[in-house]
Amino acid sequence: MSSVVRCHTITKQLKEALEHIENRESTIETIESLLDKRQILITAIRPPFTEEEQVLGKQMITWSQEIDKELSQLQSSIKRDMNGLSRKRTSVQKYANPYESLQYDGMFYDKKK
């Protein structure tokens, strides 16, 4: 099996993993391992290519564009969740101790005796 065919298979697995995300943590681990494997295979790909390999390469290019979009969407959803957690944490902290975040920028002294 040539490097192009193996890379095509891994790219297909990567695309399918991104389409069906059930458990985000396990999916991210799977995606990372598939990306590492694919990177190794991409560096091993050398010309000349057969017609079948050229067709597979074109298909991999279109899939890679779709994969990039899916990965950026996954990244933005993770960022959104992280921002939501930090906002939730600060709101819970403010609810638990509402006077903690007050700052005193000056004091007033009454000089009347």
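Since this is a predicted model, take the numbers as computed values, not measurements. (Residues numbered from 1 in each chain as written. Predicted model: local features only at pLDDT ≥ 70, side-chain atom pairs only at ≥ 80, totals over all residues. Heavy atoms only, no water.)

Draft legend 1. Main features of helix α1 (residues 3-19). The terminal C-alpha atoms of α1, which comprises 17 residues, lie 24 Å apart, in line with the 24 Å expected from a rise of 1.5 Å per residue. Taken together, the buried positions of α1 are S3, V4, C7, H8, I10, T11, L14, K15, A17 and L18. Residues of α1 that are buried in the fold lie against α2 (24-44) and α3 (51-96). (Helix = DSSP H or I, 4+ residues; strand = E, 2+ residues; numbered from the N terminus. Expected span 1.5 Å × (residues − 1). Buried < 20%, exposed > 50% of the residue type's maximum accessible area, 1.4 Å probe, protein only. Contact = heavy atoms within 4.5 Å.)

Draft legend 2. Spotlight on the side chain of E53. Considering the arrangement of structural elements, one finds E53 in helix α3. Buried charge without a salt bridge: E53, with R6 as the nearest opposite-charge side chain at an N-O distance of 9.8 Å. Ignoring any residue separated from it by four or fewer positions in sequence, one finds E53 in contact with S2, V4 and P48. (Lys, Arg positive; Asp, Glu negative; His and termini not counted. Salt bridge = Lys/Arg side-chain N within 4 Å of Asp/Glu carboxyl O.)

Draft legend 3. Main features of the pattern of salt bridges. Inspection of every chain in the model, using the stated rule, returns 3 salt bridges. Here E19 makes a salt bridge to K15, at a shortest N to O gap of 2.7 Å. With a gap of 4 residues between them, E19 and K15 both fall in helix α1, about one helical turn apart. We note a salt bridge from E66 to K15, for which the minimum N-O separation is 3.6 Å. Of the two residues, E66 sits in helix α3 while K15 sits in helix α1, which places them 51 residues apart along the sequence. For E66, a relative accessible area of 38% translates into the label partly exposed. What makes K15 buried here is its relative accessible area of 18%.

Draft legend 4. Broad picture of the nonpolar core. Counting residues in hydrophobic clusters, the biggest one holds 14 residues, and the most contacted among them are V4, C7, L14, L18 and I31. Elements supplying a minimum of two residues to this core: α1, α2 and α3. At 6 residues, the largest contribution of residues to this core is made by α1. With residues up to four places along the chain from it excluded, the contact list for L14 reads I31, L34, L35, R38 and I67. (Core = buried A, V, L, I, M, F, W, Y, C linked by side-chain atoms within 4.5 Å.)

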